[in-house]
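So you can see what is in the structure, the chains are spelled out below.
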Amino acid sequence: MSDWKLAYHANCWGALGGNAQGVTSITELSYRTFGDMDRALSDIAAAGYEGVELFDGNLLDYSAADLRKVLADTGLTLVATYAGGNFIFDDILPEELARVARAADRAAELGAPHLVVGGGAKRFDGIRDTDYQKLGAALNKVKAIADERGMRGHYHPHLSTIVEGPQTVRRIFGLTEIDFCPDTAHLAAAGGSPAELIREHATRISYVHLKGFQQEPFAFTPLDRGDVPTDPILLAMRETGFKGWVCTELDAWLDPAEGARASMNYLKAAMRT
């Protein structure tokens, strides 16, 4: 596990949401955490992480110069930015891709190696079979955006999209060339075994999101608690030869700094075994 570098997502230092103007302007529909990102980066560094991932909206709140200074002050590396889209509607796809490209430009300017997207909309009247082909084609365009900027592009299956559990994960990665960023909690919540999915798709995985999951009441948790043990996931990553950045995240937590420390304490102990 010495080949792993540990990062943390800054998404729980405030309420999760998006830009309200995105309701009427697709190019403005970015993710964001409504919180103090300078504080988030400081807390993440204090917990012992080497890197940070930011939502596209939070990333673009900074100028490149200002974020470069915060990263230098905290000693963190910008590892990734996360964006999303519907990705199945032909008319708005160019607007969505332009928004992803804008975030990728800023991330690449700051040396981030990874671009992550989630999405694949569920229609009001149900999923159409062709939606998977549309999503796969859109993800290939996201991969091209990343490739053009010297980054790795990743798709992150997510609850509430058309790609949640093992069957749809398997289906979409047969339709696109983009890398697979497994989010261990989302995969477990959708009925999958994160460890088995990591083994099955190991050749497509170059970046991982780790978080805990509690079934009742539904919640995401630090890695030291919850109903889905993390040890088998780490074992699968070791056995498949994973190398690179591992990003722990926690979508909401009353004390985000405490949550970051709890997961780091677990990872330090796990990496000693």
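Basis of the calculations
Residues numbered from 1 in each chain as written. Predicted model: local features only at pLDDT ≥ 70, side-chain atom pairs only at ≥ 80, totals over all residues. Heavy atoms only, no water. Core = buried A, V, L, I, M, F, W, Y, C linked by side-chain atoms within 4.5 Å. Buried < 20%, exposed > 50% of the residue type's maximum accessible area, 1.4 Å probe, protein only. Helix = DSSP H or I, 4+ residues; strand = E, 2+ residues; numbered from the N terminus. Contact = heavy atoms within 4.5 Å. Axes fitted to C-alpha atoms, helices over the stretch in contact; angles between N-to-C directions. Parallel < 35°, antiparallel > 145°, perpendicular 65-115°, else oblique. Left-handed = near helix turned anticlockwise from the far one by under 90°. Nonpolar A, V, L, I, M, F, W, Y, C, P; charged D, E, K, R; others polar. Salt bridge = Lys/Arg side-chain N within 4 Å of Asp/Glu carboxyl O.

Observations concerning the nonpolar core
Counting residues in each nonpolar core, the largest one holds 76 residues, and the members touching the most others are Leu67, Leu78, Leu135, Tyr155 and Met237. Ranked by the residues each element gives to this core, the list is headed by helix 5 (residues 130-148), at seven residues. Discounting chain neighbours no more than four positions away, the residues touching Leu135 are Phe87, Ile88, Gly119, Gly120, Tyr155, Ile162, Val163 and Ile172.

Section: the packing of helix 1 (residues 37-46) against helix 3 (residues 64-74)
Contact pair helix 1 / helix 3: the axes reach a minimum separation of 9 Å and the direction vectors enclose 25 degrees. Taken as axis vectors, helix 1 and helix 3 run roughly parallel relative to one another. The handedness of the crossing between helix 1 and helix 3 comes out as right-handed. Across the interface between the two elements, Asp38, Leu41, Ser42 and Ala45 from helix 1 touch Leu67, Val70, Leu71 and Thr74 from helix 3. Split into classes, the residues belonging to the contact of helix 1 with helix 3 amount to five nonpolar, two polar and one charged.

Some words on the environment of Arg128
Mapping Arg128 onto the fold places it in the loop between strand 6 (114-119) and helix 5. A relative accessible area of 42% places Arg128 in the partly exposed class.

Some words on the pattern of salt bridges
Scanning the entire structure with this criterion turns up 21 salt bridges. Here Arg149 makes a salt bridge to Glu148, at a shortest N to O gap of 3.5 Å. Overall, the relative accessible area of 25% leaves Arg149 in the partly exposed class. The class of Glu148 is exposed, set by a relative accessible area of 62%. Salt bridges here are not isolated pairs; linked through shared partners, they connect Asp183, Lys211, Glu249 and Asp251.

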